[in-house]
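# Survey of secondary and tertiary structure
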Amino acid sequence: NHNANLLLRDTAGQTALMQAKQHHNREIVQVLQQAEVAQQQAVKLLKAVTFGNLAQVQQLLSAGVNPNATADDMSALSQAAAKGYLEIAQCVIAAGAEVDYRSANAELNPLLYAAYRGHLEMVQLLLAKGADVQATISGKLDAIAYAKQGQQQRRNVGKPFDAIIALLENHP
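Quick look at the structure, then.

Rules used in this analysis
- Residues numbered from 1 in each chain as written.
- Predicted model: local features only at pLDDT ≥ 70, side-chain atom pairs only at ≥ 80, totals over all residues.
- Heavy atoms only, no water.
- Helix = DSSP H or I, 4+ residues; strand = E, 2+ residues; numbered from the N terminus.
- Buried < 20%, exposed > 50% of the residue type's maximum accessible area, 1.4 Å probe, protein only.
- Contact = heavy atoms within 4.5 Å.
- Areas by Shrake-Rupley, 256 points an atom, 1.4 Å probe, with all protein chains shown as cover.
- Lys, Arg positive; Asp, Glu negative; His and termini not counted.
- Charge placed at Lys NZ, Arg CZ, Asp CG, Glu CD.
- Phe/Tyr/Trp six-rings, centres within 6.5 Å; stacked < 30°, edge-to-face > 60°.

### Brief notes about the overall build of the protein chain
When its secondary structure is counted, the protein chain shows 9 helices and 4 strands. Reading the protein chain from its N terminus to its C terminus gives the helix and strand order α-α-α-β-β-α-α-α-α-β-β-α-α. Dimensions of the protein chain, computed from the C-alpha atoms along their principal axes, are close to 60 × 35 × 30 Å. Sorting the 172 residues of the protein chain into buried and exposed places 40% on the buried side. Put simply, 64% of the contacts in the protein chain that link residues at least 6 apart link residues at least 24 apart. Accessible surface computed for the protein chain: about 9900 Å², of which carbon and sulfur atoms make up 48%. In the protein chain, which carries 14 positive and 14 negative side-chain charges, the distance between the mean positions of the two groups comes to 7 Å.

Set out below in structure tokens:
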């Protein structure tokens, strides 16, 4: 599990990696070390997306970081969609990110983030790449309902929610 918390400790204060080393289990040590590196790379990728650093995103993806890697249950594409970073979203999708990806614990996918935050061009991109308009939050709110909720938020005043809602309603 790429989302496992490798820092969890048992009652003796030991992580799984510490225990594997103590018991000289080289295979488990290797797997845990690889998982730790993957987790660190995911955090770097999410930070680069969060700060809008396209060059670093490209560098990390070129180095083989999983475009669907998550940190704190947020994928790079979900973060790009939430922030409205269209070029970064295009880059992450080109690297193989799944447009409807959500981690096991996440309720939102990229389309839901983009719709709620009022990012019309992002919604258009995600729909063009095959995003599921029927995706819901906990089986209740779909992208249309979530866009309507986003429209009610003060911080979203002036964003093109009517166009987003119409686009979603008319999408096949």
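### Describing the side chain of Ser78
Note on placement: Ser78 falls in helix α4 (residues 76-83). Not counting residues up to four positions away in its chain, the partners in contact with Ser78 are Tyr101, Leu108, Asn109, Pro110 and Tyr113.

### Observations regarding the packing of aromatic side chains
Here the structure, examined in full by the defined rule, presents 1 aromatic pair. Between Tyr116 and Tyr146, the ring centres sit 4.4 Å apart and the planes meet at 25 degrees, which makes this aromatic pair stacked. Taken as a pair, Tyr116 in helix α6 (residues 110-117) and Tyr146 in helix α8 (residues 143-151) lie far apart in primary sequence, 30 residues in all. When sorted by exposure, Tyr116 lands in the same class as Tyr146, which is buried.

### Here's the deal with α6
Among the 8 residues in α6, 7 count as buried, and that is most of the element. Of the positions making up α6, those classed as buried are Pro110, Leu111, Leu112, Tyr113, Ala114, Ala115 and Tyr116. Of the residues one or two after α6, Gly118 is the one with positive phi, at around 80 degrees.

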